[in-house]
Amino acid sequence: MPQSAQSSATSIADFAATSGGLTALPAWQQLEAHHAEISPRHLRDLFHEDPTRGSTFCHTGAGVTIDFSKHRITKRTLELLLALADARGLRAHMDAMFRGDKINTPENRAVLHTALRAAKGTRIMLDGVNVVEEVHVVLDRMASFADSIRCGGWKGHTGKRIRHVINIGIGGSDLGPAMAYDALRSYSSDEFDCRFVSNVDANDFVLATRGCDPAETLFIVSSKTFTTLETMRNAQTARAWSMAALGNDPKSVAKHFVAVSTNATEVAKFGIDTSNMFGFWDWVGGRYSMDSAIGLSTMIAVGPAAFAEMLEGFREMDQHFRTTPFANNLPVLMGLIGIWYANFFGCQTLAVLPYDQHLDRFSAYLQQLEMESNGKHTTLSGERVSWDTCPIVWGQPGTNGQHAFYQMLHQGTRLVPCDFIAFDHPVHDIANHHDLLIANVLAQAEALAFGKTLAEITAEGVPAWLAPHKTMEGNRPSSMIICDKLDPRALGRLIALYEHKAFTQGCIWGINSFDQWGVELGKVLAVRIIPELTAAAPATAHDSSTNNLINRYRAARGR
Ligand code: F6P
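Here's a quick rundown of the structure. (Residues numbered from 1 in each chain as written. Predicted model: local features only at pLDDT ≥ 70, side-chain atom pairs only at ≥ 80, totals over all residues. Heavy atoms only, no water.)

### Description of the overall build of the protein chain
Thought 1: Helix and strand counts for the protein chain stand at 23 helices and 13 strands.
Thought 2: For the protein chain, whose C-alpha radius of gyration is 25 Å, the value lies close to the compact-globule estimate of 24 Å for 559 residues.
Thought 3: In terms of principal-axis extent, the alpha carbons of the protein chain reach across some 75 × 60 × 55 Å.
Thought 4: Counting over 559 residues, the protein chain shows a buried share of 53%. (Helix = DSSP H or I, 4+ residues; strand = E, 2+ residues; numbered from the N terminus. Rg over C-alpha atoms; globule rule 2.2 N^0.38 Å. Buried < 20%, exposed > 50% of the residue type's maximum accessible area, 1.4 Å probe, protein only.)

Written as structure tokens, this is what we have:
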């Protein structure tokens, strides 16, 4: 597909200027007309017409294979979607991101999470500094710290070795490390465990520290800003918990607390020596930070060598995204097919269904990645979009989901595109569990696509009154994403796949995927309400509902 058809945006200024007007593009209008032709067609017919469809729509890159054939698309659909990407200047925008241009224009920041995994020796200049050098300085410091925890060289205040590492953080400073710890649990040292505290609900802290000896516990306070209310309160509680057990000696903090942040001033104010701080930069968005120092708990768990392998996996997918023609480019195709469903079929959600228990928290991680990135209603030029943006991302590992919500996927009234994620080789090869797992994921995709007709059900002798209940319409789309085996490299590849998919979609929708103003108002209002819960007089400054709820709570707490 040529990369220059229609009005191609080439610079960030062009990109912002053309971020509106999506639905007026010829490619968009052609897609609308094409959707009218495609939507009545059944996957059964598409497969019947093209017996090679299963391989034609299957692509491999960076060690990941994706079978897109069970999507309600034809070659023409992809041609039009690729023309849309071209018209939205995806190639130029992608180059601008990798180059370090300040594409996060509302915050005037570069978006350089790809520099976090650039190989030593690479040059990516930002404001006169080679950021890759800075990245590797931090990675080397993380590695020596992680090694000292892993081998027991780092001792707690009383001389005991560390047995529990507790990451305190929220959002991007929690979801990535927590997901990665589960994902790579089978590669982790048994000498200690990692735990995660995120919620300001004290129950989270209590449960995470249950059974931990403070003398053997290290807290990693992870916060890009080091001002986030939840994290700061949890860190204060942790400091009190730790010091109370360690003779209230302020010197104990240096042995039991380290920080990961961009804000050295606040770290020092909290009482953590900045020599125990691992930095990152404002050009790393929180939800794109799990491969920065925010991944310190991951590195401690799996070791620096495995962490480096994970970074290589990220880098391989970066390279694939950057260099592969869009027609075979996995993140681009995933992003465009997602647009096809969200904007033309009107699908409101995307189910992410990993067939590996280690990926229990993968969809929670993707919720922030995709929904905080692309859940926006304003274009880069400041207009309200007249098209839908990010769908709701949800899901949980198969086969558990099959016994919970798959009924709705198969026979509900809403169309839910699914991302199945499967691995050729199991992490634990016990009996024939893996064959059973794989048979299930393949069967689900097949059942969703092809269903079972009323005629087939009736031919089995099912009585007429029951047959409609057993009929499966099919024509329900899915991607089958396959990697070799869930290991650090595969995890890096998978995460980068979704990062670049989100980038692709943000570019098409003409929004800024790298800010999150939508979370700010709630934070401000919470700060206003906090003193009102304990003030001498009842609340009167809000709407009647909020006043009433505050005063009801005060009464319940005897205030
Ligand atoms: O509230 C949203 C958010 O700003 C996320 O974008 C971020 O990942 C999270 O809060 C935590 O922020 P920080 O790392 O600064 O504590």
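### Structural notes on the site of the ligand
Thought 1: In the region of the ligand, 14 residues are neighbours, and Gly172, Ser173, Ser223, Thr225 and Thr228 sit closest.
Thought 2: Ser223 places a polar side-chain atom, nitrogen or oxygen, 2.6 Å from an oxygen atom of the ligand.
Thought 3: Here an oxygen atom of the ligand and a backbone polar atom of Lys224 are 2.7 Å apart.
Thought 4: Protein chains shield 88% of the accessible area of the ligand, which is 390 Å² for the free molecule.
Thought 5: Of the residues in the shell around the ligand, the class split is two nonpolar, nine polar and three charged. (Near = heavy atom within 4 Å. Polar contact = N/O pair within 3.5 Å; in protein donor to acceptor, adjacent residues only side chain to side chain. Areas by Shrake-Rupley, 256 points an atom, 1.4 Å probe, with all protein chains shown as cover. Nonpolar A, V, L, I, M, F, W, Y, C, P; charged D, E, K, R; others polar.)

### Brief notes about the side chain of Thr77
Thought 1: With respect to the helices, strands and loops of the structure, Thr77 is situated in helix H5 (residues 75-87).
Thought 2: According to the relative accessible area criterion, Thr77 is buried, its value standing at 0%.
Thought 3: Setting aside its immediate chain neighbours within four residues, Thr77 contacts Leu31, His34, Ile38 and Trp340. (Contact = heavy atoms within 4.5 Å.)

### Some details on helix H6 (residues 90-99)
A turn of α-helix holds 3.6 residues, and therefore any two residues three or four places apart point the same way.
Thought 1: Residues of H6 that are buried: Leu90, His93, Met94, Ala96, Met97 and Phe98.
Thought 2: Among the residues trailing H6, Gly100 stands out with phi positive, at a value near 95 degrees.

### Describing the sheet that holds strand E1 (residues 58-61)
Thought 1: Read across the sheet, six strands follow the order E1-E2-E13-E12-E10-E11 without closing on themselves; strand pairing throughout is mixed. The sheet terminates laterally at E1 and strand E11 (392-394), the two strands that pair on one side only. Shown here is a sheet whose adjacent strand axes are inclined to one another by a mean of 20 degrees, direction ignored.
Thought 2: With three bridges joining them, strand E2 (residues 64-67) and strand E13 (residues 478-485) adopt antiparallel strand pairing. Across the sheet, Asp67 pairs through a bridge with Met480, a residue of E13.
Thought 3: Here helix H18 (residues 433-450) sits on the sheet in contact with strand E12 (418-425) and E13, set at roughly 150 degrees to E12.
Thought 4: Packing against the sheet, helix H21 (residues 488-509) makes contact with E2, strand E10 (349-354), E12 and E13, and its axis sits at approximately 150 degrees to E13. (Pairing = 2+ DSSP bridges. Axes fitted to C-alpha atoms, helices over the stretch in contact; angles between N-to-C directions.)

### Quick notes on the sheet that holds strand E9 (residues 277-279)
Thought 1: Pairing is parallel in the open sheet, where five strands are placed in the order E6-E5-E7-E8-E9. Two strands bound the open sheet, and with one partner strand each, they are strand E6 (193-197) and E9. Neighbour-to-neighbour, the strand axes of this sheet turn through a mean angle of 20 degrees, independent of strand direction.
Thought 2: In terms of strand pairing, strand E5 (residues 164-168) meets strand E7 (residues 217-222) through five bridges, oriented parallel. Bridged to His164 within E7 is Thr217.
Thought 3: Against the sheet, helix H7 (residues 131-151) makes contact with E5, E7, strand E8 (257-261) and E9, and its axis sits at roughly 145 degrees relative to E9, the strand it touches most.

### Focus on the environment of Trp28
Thought 1: Its place among the elements puts Trp28 in helix H2 (residues 26-38).
Thought 2: Its relative accessible area of 2% is what places Trp28 among the buried residues.
Thought 3: Taking the C-alpha atoms as reference points, Trp28 and Leu81, separated by 53 residues in sequence, lie 8.2 Å from one another.
Thought 4: If near-sequence neighbours (up to four positions away) are discounted, Trp28 is found in contact with Leu22, Thr23, Leu84, Asn343, Phe344 and Trp387.

### Describing H7
Thought 1: Here H7 is 21 residues long and its end C-alpha atoms lie 30 Å apart, about the 30 Å a rise of 1.5 Å per residue gives.
Thought 2: What H7 keeps buried is the set Val131, Val132, Val135, His136, Val138, Leu139, Met142, Ala143, Phe145, Ala146, Ser148 and Ile149.
Thought 3: Gly152 lies just past H7 and shows a positive phi near 85 degrees. (Expected span 1.5 Å × (residues − 1).)

### Here we look at a nonpolar patch on the surface
Thought 1: Together, Val200, Leu229, Val527 and Ile530 make up an exposed nonpolar region whose accessible area comes to about 320 Å².
Thought 2: Structurally, Ile530 is set in helix H22 (residues 520-532).
Thought 3: For Ile530, a relative accessible area of 44% translates into the label partly exposed. (Patch = residues over 30% accessible without salt bridge, like charges linked within 9 Å, V, L, I, M, F, W, Y side chains within 5 Å. Salt bridge = Lys/Arg side-chain N within 4 Å of Asp/Glu carboxyl O.)

### Topic: the packing of aromatic side chains
Geometrically, a pair of aromatic rings is defined through the distance of the ring centres and the angle of the planes.
Thought 1: Applying the stated criterion across every chain yields a total of 23 aromatic pairs.
Thought 2: Centre to centre, the rings of Phe362 and Tyr498 are 5.7 Å apart; their planes meet at 75 degrees, and the pair counts as edge-to-face. A residue pair is termed long-range when its members are at least 10 positions apart, and Phe362 in helix H16 (residues 362-374) and Tyr498 in helix H21 qualify at 136 residues.
Thought 3: By relative accessible area, which is 0% here, Phe362 ends up buried.
Thought 4: The class of Tyr498 is buried, set by a relative accessible area of 0%.
Thought 5: For the ring pair Trp394 and Phe405, a centre distance of 4.8 Å and an interplane angle of 65 degrees mean the geometry is edge-to-face. Placement of Trp394 in strand E11 and of Phe405 in the loop between E11 and helix H17 (406-411) is noted, with a sequence separation of eleven residues between them.
Thought 6: Exposure remark for Trp394: the relative accessible area of 21% places this residue in the partly exposed category.
Thought 7: Residue classification places Phe405 among the buried residues on the basis of a relative accessible area of 17%.
Thought 8: Taken together, the ring pairs connect Phe205, Phe219, Phe226, Trp241, Phe257 and Phe270 into an aromatic cluster.
Thought 9: The positively charged end of Arg53 is found above the aromatic ring belonging to Phe57, 4.6 Å away from the centroid. (Phe/Tyr/Trp six-rings, centres within 6.5 Å; stacked < 30°, edge-to-face > 60°. Lys NZ or Arg CZ within 6 Å of the ring centre and 35° of its normal.)

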